[in-house]
Amino acid sequence: MRTSVEIRSAPHIKRPRSVEQIMRNVVLSLLPVCTFFVYQYGISAAALILVVTGACLLSERLFVRLGGQAGDLSDYSATITGVLLGLTLPPGFPLWMGLVAGFAAIALGKALFGGIGFNVFNPALVGRAFVQAAFPAAIATYTPSFLPGRFMEFIPSSLAWPLMAPADNTAWLKGMPLDAWTGATPLAKWKFEGTLTAVGDLLTSLSGHLAVGPSPALILLCGAYLALRRFMDWRIPTAVLGSAGLTAWLIYAIGGAKYPDPFFTLFSGGLILGAVYMATDMATSPVTPRGMWLYGILIGVLTVMIRYYGGLPEGVMYAILIANATTPLIEQITQPTPFGKGASLRAGRAASYTLHPDYISREEAAAKTSKKRFFKNKPKKP
Amino acid sequence: MKDLSQAKNFDEFLEGIWRQNPVFVMVLGMCPALAVTVSAVNALAMGFATTFVLVCSCLLVSLMRKLVPKEVRIATYIVIIATFVTVVDYIIQAVSLELYEALGAFIQLIVVNCIILGRAEAHASKHPPLTAITNALGMGIGFTIGLFALGGVREILGAGKFFGVSLFGANFQPWVVMVLPPGGFFVLGAWLLLFAVIRRRKEVRLSTSGGGHVA
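Residues numbered from 1 in each chain as written. Chains lettered and ligands numbered in written order. Predicted model: local features only at pLDDT ≥ 70, side-chain atom pairs only at ≥ 80, totals over all residues. Heavy atoms only, no water.

## Let's talk about the overall build of chain B
The criterion, for reference: By the criteria applied, helices consist of DSSP H or I runs no shorter than four residues and strands consist of E runs no shorter than two, each listed in order from the N terminus. Whether two residues are in contact is decided by their heavy atoms: any pair within 4.5 Å suffices. In short, Shrake-Rupley with a 1.4 Å probe defines the accessible areas, and a residue's cover is counted only from the protein chains shown. Here Asp and Glu are counted as negative and Lys and Arg as positive; His is not counted, and neither are the chain ends. Here the site of a charge means NZ on Lys, CZ on Arg, CG on Asp, or CD on Glu.
Of the regular secondary structure elements, chain B holds 9 helices and 2 strands. Put simply, chain B runs from its N terminus to its C terminus through helices and strands in the order α-α-α-α-α-α-α-β-β-α-α. When its C-alpha atoms are laid out on the principal axes, chain B stretches across 60 × 60 × 30 Å. Long-range pairs, those at least 24 residues apart, make up 73% of the contacts in chain B between residues at least 6 apart in sequence. Working note: accessible area of chain B is about 11300 Å², and carbon and sulfur atoms make up 71% of it. Of the charged side chains in chain B, 16 are positive and 11 negative, and the gap between their average positions amounts to 9 Å.

Written out as structure tokens, the structure reads:
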């Protein structure tokens, strides 16, 4: 029997992974989430996701052509930005504002920094932060899910004319045959009314007419697919959710009934979506393993702090944006030690290096220190 | 000879409006440019106030350029500028108290506007009065145009109005961010981008047409 065993040195990579392949898989894993979102909110949600994604793709095309940047529509990165942005917006968000959000996401979040791979902040969240600042009222207007006739008619606020204020949904909702309805998200209800929603309902998003995003359970499932196929690093979501849960539990244990229980904190709002799909954006998160833990912990703790002690009910977006800004610093302080270099690095300044003068800084070369005697091949002055 | 000096004067005048525009090319005086440009009226008032101070101070600095010892020149310029700023401060207060409150401390802060001190130091102290005020007037008008470009866009998007006249009717959805400080940065960035694109196009056109001549 003949076996074909090829012996090679590390790294053992089976097949190189292209950006396009990773991004396509992320888009595929988002499809069930989108489908569920449309099932919850009907055609308004579908139109919103399509409009935002379309705006992202068009602006990406425009900036790639204008700026001569790397990247193309076929790498799916703008699609992901659009779909994620659409999922974070309230389903009744006016479509023209969705257009603005999509354009801002690509223009301010991505093109400004030089296109794909160079962005400092997650583009989808930059787009959301822009419309949050521009239209604070519209972005806080949620409608209950599973309304009757949601596949037949739009939520009135969706169809606002461009540049015009959206219609008030209150009268339209009054006409709905609902026992009890509220436009407030579970987080806003907790923050401003002091009522908690059951954790089971939050996890599935199925019962009642909750004003929530796609089911956290479904997002975790889709995220698990990505993590198992190694399209996403499991450390970041684990660190985000773990630290958020732990912080919430600590505050709950000390502060008591004033604060919600940790499970409510974990499954409400956009924490799961943010932890799985936004914090793990490859261009804006650290690449070092220890850095990923630090980065995730920072997001988790910040989210809980903003939610509990800030003015806004939701803090995931700002937590991730702040953590994005710290990514270069985190990478710098968590550089792993290369194999075999441990001893010399631990010794620190006391260690003696036999460096070639080309590899030391100008100051070091000019300094009259004992290091100089190691320069065997000191260049002679002509 | 006279034609030549006139052309040179005109060139001095145009320098501030286009080639060395304080807002879009030199990116100077950003503090008032970002802070007070929430409406077209505010922007114009700020621009005119700065232009007045700029022209008067440059005239005085130019007249005194041989008298002032080098060691105390900056202090002298600041005293001159502060004098005219005080004049403007009282004029605006007398003309419109509403405008005075809208512009707030930024009228007094014209004293430390780097365009004015920069012009006094770099231009007026080295040129005769006529050239100095021509240049200063151009710079002032250029600054006013820059502020107006920012204030106009921010008022249209942030309030749906232009010079206080409603453009889109009562149902307009204001972009809150545009009247906040970040809006100033966004609009300024967009204008700078536009001018950068124009400049790039011009350079490409010049280089290609130049190459054509050689070939």
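Read on, since the account is not over.
## Some remarks on the interface of chain A and chain B
Which entries qualify depends on this criterion: Note on terms: buried area is the combined drop in 1.4 Å-probe accessible area of two parts once they are placed together, counting the loss on both. Just to be clear on terms, a salt bridge is a Lys or Arg side-chain nitrogen sitting within 4 Å of an Asp or Glu carboxyl oxygen. We define a polar contact as two N or O atoms separated by no more than 3.5 Å, with the added condition that, inside protein, one atom must be a possible hydrogen donor and the other a possible acceptor, whereas residues neighbouring each other in sequence contribute only through side-chain atom pairs. When residues are sorted by character, Ala, Val, Leu, Ile, Met, Phe, Trp, Tyr, Cys and Pro go into the nonpolar class, Asp, Glu, Lys and Arg into the charged class, and all the rest, Gly among them, into the polar class.
In this assembly, 13 residues from chain A lie in contact with 10 residues from chain B. Surface buried jointly by chain A and chain B totals about 1100 Å² across both partners, of which 76% is contributed by carbon and sulfur atoms. Considering only the side of chain A, the residues that lose the most area to chain B are Phe130(A), Leu163(A) and Met164(A), jointly responsible for 41% of the buried surface there. There are 0 salt bridges connecting chain A and chain B. In this structure, the connection of chain A to chain B is made through 4 residue pairs in polar contact (both at pLDDT 80 or more). If you list the elements that add at least two residues to the side of chain A that touches chain B, you get helix 4 (95-109) and helix 5 (123-134) of chain A. When residues of the side of chain A that touches chain B are assigned to their parent elements, the largest contribution, 4 residues, is made by helix 4 of chain A. Of the residues assigned to the side of chain A that touches chain B, the class counts are 13 nonpolar, no polar and no charged.

## What about the nonpolar core?
One recurring pattern in soluble globular proteins: nonpolar side chains tend to sit buried together. Here is the rule we go by: Nonpolar core, defined: a set of buried Ala, Val, Leu, Ile, Met, Phe, Trp, Tyr and Cys residues in which side-chain atoms within 4.5 Å join the residues together. Categorising residues by exposure relies on relative accessible area from a 1.4 Å probe, with only protein chains included: less than 20% of the type maximum marks a residue as buried, more than 50% marks it as exposed, and the intermediate range marks it as partly exposed. Note that the domain bounds were set by an automatic or database domain assignment.
Grouped together as the largest cluster of nonpolar side chains are 127 residues, with contacts concentrated most on Leu87(A), Leu89(A), Phe130(A), Phe135(A), Tyr277(A) and Trp175(B). Here this core gathers at least three residues from each of two domains, domain 1 (19-166) and domain 2 (180-333) of chain A. Those residues in contact with Leu87(A), other than ones at most four positions away along the chain, are Leu30(A), Val33(A), Cys34(A), Phe37(A), Ile49(A), Pro214(A) and Leu273(A). Ala78(A), Ile106(A), Ala107(A) and Ala111(A) belong to the second-largest nonpolar core, a separate cluster that totals 6 residues.

## Description of the side chain of Ser29(A)
All names here are of chain A. Here Ser29 lies in helix 1 (residues 19-41). You can call Ser29 buried: its relative accessible area is 4%. One polar contact links the side chain of Ser29 to the main-chain carbonyl oxygen of Val26, over a distance of 2.8 Å. Discounting residues that sit within four places of it in the chain, Ser29 has contacts with Cys222, Tyr225, Leu226 and Tyr277.

## Let's talk about the domain arrangement of chain A
Residues and elements named next belong to chain A. Along its sequence, chain A is carved into domain 1 (19-166) and domain 2 (180-333). Summarising the inter-unit geometry, the C-alpha centres of domain 1 and domain 2 are found 20 Å apart. Between domain 1 and domain 2 lies a buried interface of about 2900 Å² when both sides are counted; carbon and sulfur atoms form 72% of it. Summed over the shared surface of domain 1 and domain 2, the number is 7 residue pairs in polar contact (both at pLDDT 80 or more). Among the elements of the structure, helix 1, helix 3 (77-88) and helix 5 are those that each provide at least two residues to the side of domain 1 that touches domain 2. Looking at the side of domain 1 that touches domain 2, the element that brings in the most residues is helix 1, giving 13 residues.

## Details of helix 14 (residues 289-309) of chain A
How we decide: Working rule for helices: expected span equals 1.5 Å times residues minus one.
Between the first and last C-alpha of helix 14 of chain A there are 30 Å, a value that for 21 residues agrees with the 30 Å anticipated at 1.5 Å per step. What helix 14 of chain A keeps buried is the set Gly291(A), Met292(A), Tyr295(A), Gly296(A), Ile299(A), Gly300(A), Thr303(A), Val304(A), Ile306(A), Arg307(A) and Tyr308(A).

## Digging into empty space enclosed by the protein
Residue and element names in this part refer to chain A. Operational definition: Any residue with an atom within 4 Å of a point lines the site, the site being either a cavity, points on a 1 Å grid over the protein atoms alone where a 1.4 Å probe fits but cannot get out, or a pocket, an open set with protein on both sides within 12 Å along at least 5 of 7 lines. Grid points are joined across faces, edges and corners, and a volume is the space filled by probe spheres set on the points.
For the structure on display, the rule yields 2 cavities of 30 Å³ or more. Here the largest cavity is characterised by a volume of approximately 70 Å³. Around the largest cavity, the lining is made up of 15 residues, and of these Tyr41, Leu147, Arg150, Ile155 and Trp172 lie nearest the centre. In terms of residue class, the lining of the largest cavity is made up of 9 nonpolar, 4 polar and 2 charged. In this structure, the second largest cavity spans a volume of roughly 40 Å³. It is helix 2 (residues 43-67) that provides the largest number of residues to the lining of the second largest cavity, a total of 3 residues.

## Comments concerning a nonpolar patch on the surface
All names here are of chain A. Note the cut-off: Distance thresholds for patches are 9 Å for like charges and 5 Å for nonpolar side chains (Val, Leu, Ile, Met, Phe, Trp, Tyr), applied to residues having over 30% relative accessible area and no salt bridge.
On the surface, a cluster of nonpolar side chains totalling about 570 Å² of accessible area is made up of Leu246, Trp249, Leu250, Tyr252 and Ile254. Summarising the element assignment, Ile254 is placed in helix 11 (residues 235-255). The class for Ile254 is exposed, based on a relative accessible area of 73%.

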